[in-house]
Amino acid sequence: MIPGMNMFSGPIPAGPEPSPAPVPETGSGARRLSPAILGGLAGAVFLMVATSFASYGSPSGYLDLPGFGSVSDPGNLHWPLLIAPAVAIALGLCLLRWWPYLLMAAVVMLVPTMLEDFQISILHDPYAVVVLQYGGYYLAIVALLGCAQGLVGTMRAWGAVIAALALGSRMAGSLTDQYGNWLYSSRSTLVWHVVLVGLAAAALIPAVWRYRRGDPAVASVVGGWSWRRGRVLVAGVLAACMPIPVAFLTTDRVAALLGVSESAVFRHSDAQTAIIGLFILLTVAVLAGIAGLWSLGGALTAAVIQVAIAAPMLLAASALVSDNPVRWAAALGGAALGALAAASRWRFHLAASLTLLAVVTLFIAYGATTGDPEKLAQQHTVIPAVLILVLCVASAGAITGAIAPVLGSRGTLPIVLGPLAEFMAVGALDTTAAANGVSGSYVTTEKMIIAVVLLLLSGAAVSGLGFAQLLATRRAERKHAEQIRLEAAAAERDRLARPIHDGVLQVLALVQRHGSELGGQGSELAALAGEQEVALRSLLAGGKSNVRAGAVDLRTPLQALATSVVDVVTPVQAVAWPADAAAELLAAVRAALDNVRQHAGAEARTWILLEEEPDGVRVTVRDDGVGFPPQRPAEAAEAGRLGITQSMRGRIADLGGDTTIESRPGEGTEVEFWVPRERSGKR
């Protein structure tokens, strides 16, 4: 049989990976978001019931997918069943904004299976029933994780709770077996099955109505396209398609790869499972790395905890095999405890603490059984088994919930906690099958040692992710505070600039213009007033600019040209430009101002406009003076007056730019300089 697999998915992140921003833990938005919360809880209930169909009695059934045929005979594979999960995941990725509809569709797809339990057949092909069942199952996981992604963006605590329940509910649903199957043991339990699914469908109705045009908080490929979105989408879809290449790793092909006989591989089936698991693990790890470092770290952490609890859950379920109500109460209690830990602001601390408690409990169980943990199952010891089951389920849910806000702030929650983490867990579980073999009937000392080591690793991993998130959050807060400070300083400068421009600068300009007429020290006073005017304008312009070395902020020298009759308009952001090119451009602008003073008339006003464009800058000098006929520049050049030709056009041409002059008698003059960025950067 092909090793068990599960396929999950997530959203396409929106835009570049942002620094984490503070998200409210709780607040008045609970009422506004109640349809999403109710829909998420309904999805968790549905997944708990639906997982019981897929588990077939395995406590690790939340990771399993039933075989599709004999691995030695690919022709015996049922290909619609093989590709149905991948199609469901890909479809869910593209329609993630409509997660309530996806959940409702998953409920409908499970109906044929429910009717089959009542001996009511609406589909003649039994494979079609199974295809719908598993396709809807994976579609529900995609939708539920999409709901968690949307909630993380608006209410972090609830998003973490739904993410924790997306795993906890499946672990609870997988704890069924041939000795105590709560869904199939009697007709009354089948009725309860129908009731739970019906209640989940009813609870989804408000969410369907509320988000009938899609949930805007959920990132989706429908919202746009980018390289980062594309690579994450590709990683998720390829992970979902893992069963297809694995289906071709038949016994003869594995034997050929190892250079041994086919019978040797057949005799050591665990070795073949481990090889296939290693292939899955390495492939999905590469895909997670393509999705990003945070995605890789989150997927590894979520996968390790799921593999770590597989053997202890088998041990506890075996000990409680005849105590069905106790087993279910323990599983559901563990899921609830994990969700509560995820809802706390101390979710990372609580997740690590629950993991350590699980380790301590396993150590105690190991010592109490004198190194033979299987005694717990053989003697049906209830209390230790309940503690192990509760702590295993709770620690897995708490770690998943703790990771959720970290990934949700980057828009990658569903895809990381979905196909990437789950297939990593499947690969790791199969890789350790020879020693860990959780699908077997016994939990050996070796299995418990591996479980303890992996539990410790998962606790350390979630602590590391929490510390990294703390550093990233503080860095984002510092950047945000610095941005606020800069904006406040700019606003204060603007506030001071208005009265200074209308008062002090006007006086300084007047003294500069008429000081020499006073005689005596008037000329010295005029020069000093001119220097102070330039310094004050530079101060109001913001002083230093955040520009690279060897460059200047074009706004500063242009704003220094402002006077009582010259207004300068510049962008809010710094316009970095090479210093030598800026000097030439400024000289051309000064030449244009000289022409205004000489020819436009004493009362003419001038406006200087600086515009930054993607491929260059544009400076416009416009006045409302007397203007001149269009032929005047050519006549001036013929007469030997080369101010326009050399001081203006020549300088800009050397920079690779263009000069445009437009004027009509009585309508003023407009001179426009455009300089390309690339040419200026080479100077």
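Residues numbered from 1 in each chain as written. Predicted model: local features only at pLDDT ≥ 70, side-chain atom pairs only at ≥ 80, totals over all residues. Heavy atoms only, no water.

Trainee: What am I meant to see in the overall build of the protein chain here?
Mentor: Looking only at helices and strands, one finds 28 helices and 7 strands in the protein chain. Taken across its 683 residues, the protein chain has 51% of its residues classed as buried. Within the protein chain, contacts between residues at least 6 apart in sequence are counted, and of these 80% link residues at least 24 apart. Accessible surface, the protein chain: about 30,100 Å² in total, of which carbon and sulfur atoms supply 63%. (Helix = DSSP H or I, 4+ residues; strand = E, 2+ residues; numbered from the N terminus. Buried < 20%, exposed > 50% of the residue type's maximum accessible area, 1.4 Å probe, protein only. Contact = heavy atoms within 4.5 Å. Areas by Shrake-Rupley, 256 points an atom, 1.4 Å probe, with all protein chains shown as cover.)

Trainee: It is not clear to me how the pairing of strand 6 (residues 658–663) should be interpreted in this structure. Could you clarify?
Mentor: Side-chain alternation along strand 6 places Thr 659, Ile 661 and Ser 663 on a buried face and Asp 658, Thr 660 and Glu 662 on a face that remains uncovered. Pairing analysis gives 6 bridges linking strand 6 to strand 7 (residues 669–676), with the strands arranged antiparallel. Bridge assignment links Glu 662 to a residue of strand 7, and that residue is Glu 670. Counted between consecutive antiparallel strands, the loop separating strand 6 from strand 7 contains 5 residues, among which Gly 666 sits at a positive phi close to 80°. (Pairing = 2+ DSSP bridges.)

Trainee: Hey, could you run me through the sheet that holds strand 6 in this one?
Mentor: Pairing between the strands of a sheet is mediated by backbone hydrogen bonds and can be parallel or antiparallel. The strand order across the open sheet built from 5 strands is 2-4-5-7-6, with neighbouring strands paired in mixed fashion. The strands lining the two open edges of the sheet, one partner per strand, are strand 2 (566–569) and strand 6. Across this sheet, the average inter-strand angle for adjacent strands is 10°, counted without regard to direction. Two elements, strand 4 (residues 606–613) and strand 5 (residues 616–623), share 8 bridges in a ladder whose sense is antiparallel. Residue pairing in the sheet places Thr 606 in a bridge with Asp 623 of strand 5. (Axes fitted to C-alpha atoms, helices over the stretch in contact; angles between N-to-C directions.)

Trainee: It is not clear to me how the environment of Ala 402 should be interpreted in this structure. Could you clarify?
Mentor: Inspection of the secondary structure assignment puts Ala 402 in helix 18 (residues 382–408). According to the relative accessible area criterion, Ala 402 is buried, its value standing at 0%. In this structure the C-alpha to C-alpha distance between Ala 402 and Trp 346, which are 56 residues apart in sequence, comes to 8.9 Å. Apart from the residues within four sequence positions on either side, Ala 402 is in contact with Arg 347, Phe 348, Ala 351 and Val 462.

Trainee: How should I be thinking about a positive patch on the surface in this particular structure?
Mentor: Together, Arg 474, Arg 475, Arg 478 and Lys 479 make up a positively charged patch on the protein surface. Structurally, Lys 479 can be placed in helix 21 (residues 445–502). (Patch = residues over 30% accessible without salt bridge, like charges linked within 9 Å, V, L, I, M, F, W, Y side chains within 5 Å. Salt bridge = Lys/Arg side-chain N within 4 Å of Asp/Glu carboxyl O. Lys, Arg positive; Asp, Glu negative; His and termini not counted. Charge placed at Lys NZ, Arg CZ, Asp CG, Glu CD.)

Trainee: Got a minute to help me understand unusual backbone geometry in this structure?
Mentor: As a rule of thumb, non-glycine residues mostly have phi less than zero, and peptide bonds are mostly trans rather than cis. One non-glycine residue, Thr 370, lies in positive phi territory at about 50°. Tracing the backbone shows Thr 370 in the loop between helix 16 (347–368) and helix 17 (374–378). Taking the relative accessible area as the measure of exposure, Thr 370 reaches 63% and is therefore exposed. Positive phi, close to 55°, is recorded for His 380, a residue that is not glycine. Its place among the elements puts His 380 in the loop between helix 17 and helix 18.

Trainee: Is there a simple way to explain the packing of aromatic side chains in this structure?
Mentor: Aromatic ring pairs are described here by two measures, namely the spacing of the ring centres and the angle between the planes. Evaluation of the coordinates by the stated rule reveals 3 aromatic pairs. Between Trp 99 and Tyr 211, the aromatic rings sit 5.8 Å apart at their centres with planes inclined by 45°, giving tilted as the arrangement. Here Trp 99, found in helix 4 (residues 99–117), pairs with Tyr 211, found in the loop between helix 7 (187–210) and helix 8 (227–240); they are 112 residues apart in sequence, far enough to count as distant. With relative accessibility at 0%, the residue Trp 99 sits in the buried group. Joined through ring pairs, the aromatic side chains of Tyr 134, Tyr 137 and Tyr 138 make up one cluster. Positioned above the aromatic ring of Trp 98 is the side chain of Arg 97, whose terminal nitrogen or guanidinium carbon lies 5.6 Å from the ring centre. In this structure, Arg 410 is placed above the aromatic ring of Trp 294, and the distance from its NZ or CZ to the ring centre is 3.8 Å. (Phe/Tyr/Trp six-rings, centres within 6.5 Å; stacked < 30°, edge-to-face > 60°. Lys NZ or Arg CZ within 6 Å of the ring centre and 35° of its normal.)

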